[in-house]
Amino acid sequence: MREIVLDTETTGFDPESGDRIVEIGAVELWNHVATGETYHVYINPERSMPEEAFGVHGIGPDLLEPPRSVEKGQITLRDKPVFAKVGQGFRDFVGDAKLVIHNASFDMKFLNAELGWMGLPLLPMDQALDTLAIARKRFPGSPASLDALCRRFNIDNSNRVLHGALLDFEILAEVYLELIGGRQPDFGLSTSASSGSGGVDDWRPTTRATPLPSKITDEERAAHEAFVEKLGENALWTRA
């Protein structure tokens, strides 16, 4: 059984009001075991980044003029592909696999909006498995955020000061396996996305039956880690 553990980051809460996806991260499982195949891409949303969203995930700066100055630790989206350039590759990557998502209705709403604007097949809601719903059913009345579940299962999320698909899809994979009674695998990014030179061209589709994921460049990783370190614990924010 093929599953894709997936997370997105966005500019806000409602695609119908103009909000867009700015990051997608996913890892492939086969019979609940990580295969090493991952998909990760930053996306140019072709709009400004609201301060509220920037405070959640630290992805920016503003894409409109005059642009905010780029500080150390910030990830700029100006040179990243728009969704129209990555949508087909993403759709090919997930295929008909079960999508494991925390608060699935949120991510599915955005993914289907972006796919619909491209004229690509939408993802059926029954293709998604919502770990938030599973956690609430298994632990009624208890906090069911990703951070709360990490504490419950003793999963190290010390680097998760900000939300970010780059970290969240790995943490979610571990939480998911704990929720279903599985074992925690090693989801180290250094082994799952280490090859290739990185950069803006990495989103281009491949000819493999299972497309290669977009690579996480050293620059993107360093920027994310620097921003997390800079903000510290005062930037902690928990969704759902």
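So, here is what we can say about the structure in this document.

1. A look at the sheet that holds strand 1 (residues 2-10)
In step 1: Read across the open sheet, the five strands follow the order 3-2-1-4-5; overall the sheet is mixed. Strands at the two margins of the open sheet, each flanked by one partner only, are strand 3 (33-42) and strand 5 (128-130). For this sheet, the mean inter-axis angle between neighbouring strands, taken without regard to orientation, is 25°.
In step 2: Of the strand pairs in this sheet, strand 2 (residues 21-30) and strand 3 are connected by seven bridges, and their pairing is antiparallel. Paired with Gly 25 across the bridge in strand 3 is His 40.

2. What about the packing of aromatic side chains?
In step 1: Throughout the structure, instances matching the rule amount to five aromatic pairs.
In step 2: Arranged with centres 6.3 Å apart and planes meeting at 75°, the rings of Phe 13 and Phe 106 form a pair that is edge-to-face. Of this pair, Phe 13 sits in the loop between strand 1 and strand 2 while Phe 106 sits in helix 3 (residues 104-118), and the two are 93 residues apart along the sequence.
In step 3: The exposed category is assigned to Phe 13, whose relative accessible area is 56%.
In step 4: By relative accessible area, which is 8% here, Phe 106 ends up buried.
In step 5: Members of the aromatic cluster, each reached through a chain of ring pairs, are Phe 13, Phe 106 and Phe 110.
In step 6: Across the ring face of Phe 93, the terminal group of Arg 2 is positioned such that the distance to the ring centre comes to 5.5 Å.
In step 7: Directly above the ring of Phe 139 sits Arg 152, whose terminal nitrogen or CZ lies 3.8 Å from the centroid.

3. Some words on the environment of Glu 174
In step 1: Locating Glu 174 in the fold gives a position in helix 6 (residues 165-179).
In step 2: We classify Glu 174 as buried; its relative accessible area is 16%.

4. Looking at unusual backbone geometry
In step 1: Positive phi, close to 70°, is recorded for His 32, a residue that is not glycine.
In step 2: Within the secondary structure, His 32 sits in the loop between strand 2 and strand 3.
In step 3: At Glu 46, a position not held by glycine, the phi torsion is positive, near 60°.
In step 4: Inspection of the secondary structure puts Glu 46 in the loop between strand 3 and helix 1 (51-57).

5. A look at helix 4 (residues 131-138)
In step 1: Within helix 4, burial applies to Thr 131, Leu 132 and Ala 135. Around the axis of helix 4, the buried residues are gathered within 105° of arc, so they sit on the same side. Pointing more than 90 degrees away from the buried face of helix 4 are the exposed residues Arg 136 and Lys 137.
In step 2: Near the N-terminus of helix 4, the side chain that reaches the backbone nitrogen of Leu 132, with its oxygen 2.9 Å away, is that of Asp 130.

Conventions used here
Sequence order sets the numbering: in each chain, residues are counted from 1 along the sequence as written. Confidence filtering applies because this is a predicted model: local features only for residues at pLDDT of at least 70, side-chain atom pairs given and counted only at 80 or more, and all residues used for totals across whole chains, interfaces and linings. Neither water nor hydrogens contribute to the side-chain values; these are computed over all heavy atoms in the structure. Two strands are said to pair when DSSP picks up at least two bridges between them. To qualify as a helix, a DSSP run of H or I must reach at least 4 residues; to qualify as a strand, a run of E must reach at least 2; elements of each kind are numbered from the N terminus. In this analysis an axis means a line fitted to C-alpha atoms, helices contributing only their contacting stretch, and an angle means the value between N-to-C directions, from 0 to 180 degrees. Each Phe, Tyr or Trp ring, with Trp reduced to its six-membered ring, pairs with another whose centre is within 6.5 Å; inter-plane angles below 30 degrees give stacked pairs, above 60 give edge-to-face pairs, and intermediate values give tilted ones. Each residue gets one of three labels from its accessible area relative to the maximum for its type: buried under 20%, exposed over 50%, partly exposed in between, using a 1.4 Å probe on protein chains only. The criterion is that NZ of a Lys, or CZ of an Arg, lies within 6 Å of the ring centre and within 35 degrees of the ring normal, and then a charge sits over that ring. The arc in question is formed by the directions pointing from the helix axis toward the C-beta atoms. N or O atoms within 3.5 Å of each other form a polar contact, as long as, within protein, one can give a hydrogen and the other can take it, and as long as residues adjacent in sequence are counted only when both atoms are side-chain atoms.

Such coordinate-based values are descriptive only and should not be taken to indicate function.
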